[in-house]
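# Inside the fold
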Amino acid sequence: MRIDVLFADRVGIAQEVLAAVARRSLNVTAVEVDPPHIYIEAPALDQAGLRDLRAQLGRIAGMRSVEVVDFLPGARRRLYLEALMASQPDPVLAVDAGGVVVVANSAAVSASGMAEENLRGTSVQALFGDPGLLAALVDCGFQLPVREIELEGEPYMLETVPLHDPDGRVAGAFLTLHAPSRMGERLSALRNYEPGSFETIVGHSAEIEQLKQRAARMALVDAPLLITGETGTGKELLAHACHAGSRRAAEPFFALNCAALPENLAESELFGYSPGAFTGALRGGKPGLLELAEGGTVFLDEVGELSPYLQAKLLRFLNDGSFRRVGGDRELKANVRIVSATHRDLEAMVAAGDFRQDLLFRLNVLQLHMPPLRERPGDILPLAELFLERACAQTARGPMRLSAAARAALLDNPWVGNVRELQNVIFRAVTMSERKVINAGELELARAAGPAAQDGREVASLDEAVAEFEKSLLQRLYKDFPSSRRLARRLGTSHSAIATRLRRYGIG
Ligand SMILES: Nc1ncnc2c1ncn2[C@@H]1O[C@H](COP(=O)(O)OP(=O)(O)OP(=O)(O)O)[C@@H](O)[C@H]1O
């Protein structure tokens, strides 16, 4: 059993409480003192023992209450941190001041091919096979300029952020290994939040021009907007442009990917939590995005993935603008425009009982559809040029260009992963190419488009073969389990692992 002992904060009281617990010879496995609370974990403590302990502690002056809790705050924080680390698709490692790995997320474990317990304790020099790496990190205060690095033969972009101890001394660093194929995505995702509006949406096809005109009109109408379209088509970019083109432009814009977080984290991110909502919660509680975005816009990406409970809570907010923080009893109001996006067919989800019809009515007061890239081939080359320029700048290469054959190959590709796939293909070509001109062969289109394994050709690597298998398995099962939550349950894995893969393979 775990208990929270609450007392008036006076000198010596914590010692008295602990002494009283010690007198009962309870087998205590963890104690966390955070005045005016002491949290105690005592596995053998039962209801009868708790009654006695309460009576005994009640005799201490200043004692307020003894309550059962489900987690000690530290354990709760660890759980949340682990969930956060695990939700990062790129390998992330924390190293100490001697360059030794202290914490690694599951992506780092699989990228290194080492068991987690072996990875912990390994030095960065050994891990990356680079004897000069620690000295380079130390020389620059653990803040290296982004550089290429290899792990298990795979290239990554290494980003380092120094960690400081309470006295401000460098105590190590947080290392993120960005796969080159995802780096372009991340960079331009950051660009999304520059104060740009519809000009940031590149493309002059009739489809995109028309869309931009409609969107500019809708941006000015202060009603919920639903953006539909396949994954990677630019829905988030459009959502941000609609915010930037609205009367709320000077106020905040926050985005939440509803598929990326488990229900309880998504709830506290969006609605916040109140003081004492759960052990480990910040003392003063925490405002959610709805409060932080007051006057502005909240973008709910992958809104089709919201759990039934959160669908109901969001519906209530859309009905009357009011909500409660997690664990809160006060009604709060927020003036926020909800822009949502989905690659799913929400009507079909309503018919299947997976999405609330009343919520759909509320979300799609206004609706925009982002067409897939293959339906607007006129945008392929302008986008390719944009991504080429960005990738060259990011990798500090001089200008590069696409050969005529490369352009033809780009126009010929089916682009199942849409603009994001195009961006990744270009970024990969730039990082891998030694020359100034990118040829068709360097675009790795066959691999990007997928079916290398299906047409009988040899696969190039184990990773590729596994990815092919994973993709076709998910495609097959998705028909019977058409949501990342259900599919995760069917395959006995986490929701975020499945959501990441569905996105990666453009399924759904
Ligand atoms: N027309 C465009 N001009 C410039 N960049 C674009 C354009 N369309 C998409 N992108 C870029 O492509 C990437 C994918 O776009 P975005 O994240 O907006 O897609 P999405 O439809 O929201 O994807 P998902 O459904 O997977 O969340 C982003 O990095 C975005 O900046």
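Keep in mind the model is a prediction, meaning the values are calculated, not measured.

Definitions and cut-offs
Residues numbered from 1 in each chain as written. Predicted model: local features only at pLDDT ≥ 70, side-chain atom pairs only at ≥ 80, totals over all residues. Helix = DSSP H or I, 4+ residues; strand = E, 2+ residues; numbered from the N terminus. Buried ≥ 20, exposed ≤ 12 C-beta atoms within 10 Å, placed from the backbone. Contact = placed C-beta atoms within 7 Å. Near = placed C-beta within 6 Å. Nonpolar A, V, L, I, M, F, W, Y, C, P; charged D, E, K, R; others polar. Domains from an automatic or database assignment. Pairing = 2+ DSSP bridges. Axes fitted to C-alpha atoms, helices over the stretch in contact; angles between N-to-C directions. Expected span 1.5 Å × (residues − 1). Arc of directions from axis to C-beta. Parallel < 35°, antiparallel > 145°, perpendicular 65-115°, else oblique. Left-handed = near helix turned anticlockwise from the far one by under 90°. Core = buried A, V, L, I, M, F, W, Y, C linked by C-beta atoms within 7 Å. pLDDT = per-residue confidence, 0-100.

## Observations concerning the overall build of the protein chain
- When you go through the protein chain residue by residue, the secondary structure sums to 22 helices and 20 strands.
- When each of the 508 residues of the protein chain is scored for burial, the buried share is 35%.
- Of the contacts made within the protein chain by residues no fewer than 6 positions apart, 65% connect residues no fewer than 24 positions apart.

## A word on the site of the ligand
- Among the 23 residues in the neighbourhood of the ligand, the closest are listed as Val202, Gly234, Lys235, Glu236 and Val419.
- Among the secondary structure elements, those contributing two or more residues to the shell around the ligand are helix H8 (180–191), helix H10 (235–244) and helix H18 (418–432).
- When the residues that make up the shell around the ligand are grouped by side-chain class, the tally is seven nonpolar, ten polar and six charged.
- Both domains that furnish three or more residues to the shell around the ligand are identified here as domain 3 (192–371) and domain 4 (374–449).

## Quick notes on the sheet that holds strand E2 (residues 30–34)
- Reading across from one edge, E2-E3-E1-E4 is the order of the four strands in this open sheet, with antiparallel pairing throughout. At either end of the open sheet lies a strand with only one pairing partner, and these are E2 and strand E4 (63–69). Strand-to-strand twist across the sheet, computed as the mean angle between neighbouring axes with direction ignored, equals 15°.
- Where strand E1 (residues 2–7) meets E4, six bridges bridge the pair, whose relative direction is antiparallel. Looking across to E4, one finds that Arg2 is bridged to Val69.
- Here helix H2 (residues 47–58) sits on the sheet and contacts E1 and E4; the angle it forms with E4, its principal contact strand, is near 160°.

## Looking at helix H13 (residues 308–320)
- If you check H13, its first and last C-alpha atoms are 19 Å apart, about what 13 residues at 1.5 Å a residue would give, namely 18 Å.
- Turning to H13, its buried residues are Leu310, Gln311, Leu314 and Phe317. With its buried residues spanning 125° around the axis, H13 presents them on a single face. Turned more than 90 degrees away from the buried face of H13, the exposed residues are Tyr309, Asn319 and Asp320.
- Check the buried side of H13 and you find it contacts helix H11 (263–271), helix H12 (289–292), strand E15 (322–323) and helix H15 (357–363).

## Focus on the environment of Gln475
- Mapped onto the elements, Gln475 comes out in helix H20 (residues 462–478).
- Of the residues examined, Gln475 has 15 C-beta atoms within 10 Å and is grouped as partly exposed.
- C-alpha of Gln475 to C-alpha of Ile507: the two residues are 32 residues apart in sequence and 6.5 Å apart in space.

## Considerations on unusual backbone geometry
- Of note, the amide linkage connecting Pro35 to Pro36 takes the cis form, showing an omega dihedral of 5°.
- Even without being glycine, Phe142 reaches a positive phi, approximately 60°.
- Of note, Phe142 is situated in the loop between helix H7 (133–139) and strand E7 (147–151).

## Describing the packing of helix H16 (residues 380–394) against H18
- Here H16 crosses H18 at 45°, and the two axes come no closer than 9 Å. With respect to H18, the element H16 is oriented oblique. Note that H16 runs across H18; the crossing there is right-handed. Touching Ile380, Leu383, Ala384, Phe387, Leu388, Ala391 and Cys392 of H16 are Val419, Leu422, Gln423, Ile426, Phe427 and Val430, all from H18.
- In the contact of H16 with H18, the residues fall into twelve nonpolar, one polar and no charged.

## Some points on the environment of Phe427
- Secondary-structure assignment places Phe427 in helix H18.
- Taking the C-alpha atoms as reference, Phe427 lies 9.3 Å from Leu443; in sequence the two are 16 residues apart.

## With respect to the pairing of E2
- In the sheet, E2 pairs with strand E3 (residues 37–41) via five bridges, with the strands oriented antiparallel. Looking across to E3, one finds that Ala30 is bridged to Glu41.

## Quick word on the nonpolar core
- Grouped together as the largest cluster of nonpolar side chains are 56 residues, with contacts concentrated most on Ile227, Leu238, Cys242, Leu256, Leu290 and Val298.
- Among the domains, domain 3 (192–371) and domain 5 (462–504) are the pair contributing at least three residues each to this core.
- The residues touching Val298, leaving out its near neighbours within four places in the chain, are Phe254, Leu256, Leu289, Leu290, Ala293, Val336 and Ile338.
- Listed in part, the 21 residues of the second largest apolar core include Leu373, Phe387, Leu410 and Val419.

## Side note on the confidence of the model for the protein chain
- Chain-level statistics for the protein chain give a pLDDT mean of 85 and a share of 91% at 70 or above.
- Counting interchain partners and residues more than four positions distant, the pLDDT-below-50 stretch residues 183–195 has 23 contacts.
- Predicted confidence for residues 446–458 stays below pLDDT 50, and this span has 16 contacts to residues more than four positions away or in other chains.
- For this predicted complex, the interface score ipTM comes out at 0.97, while the overall pTM is 0.57.

## Thoughts on the sheet that holds strand E6 (residues 101–104)
- The antiparallel open sheet is built from five strands, whose spatial order is E6-E5-E9-E8-E7. Looking at the sheet topology across the chains shown, the edges are occupied by E6 and E7. Neighbour to neighbour, the strand axes of the sheet diverge by 35° on average, direction disregarded.
- In this structure, strand E5 (residues 92–96) lies alongside strand E9 (residues 170–178), joined through five bridges in antiparallel fashion. Bridging from a neighbouring strand, Leu93 pairs with Leu175 of E9.

## A word on the packing of H11 against H13
- Where H11 contacts H13, the axes come no closer than 10 Å and their chain directions differ by 15°. In terms of their interaxial angle, H11 and H13 are classed as roughly parallel. Judged by the twist between their axes, the crossing of H11 over H13 is right-handed. Judged by residue contacts, Glu263, Ala266, Glu267 and Phe271 of H11 engage Tyr309, Leu310 and Lys313 from H13.
- Of the residues contributing to the contact of H11 with H13, the split by class is four nonpolar, no polar and three charged.

## Re the environment of Val298
- Within the element layout of this structure, Val298 appears in strand E14 (residues 297–301).
- A residue is classified by how many C-beta atoms lie within 10 Å of it, and Val298, with 24 of them, is buried.
- C-alpha of Val298 to C-alpha of Val336: the two residues are 38 residues apart in sequence and 6.7 Å apart in space.

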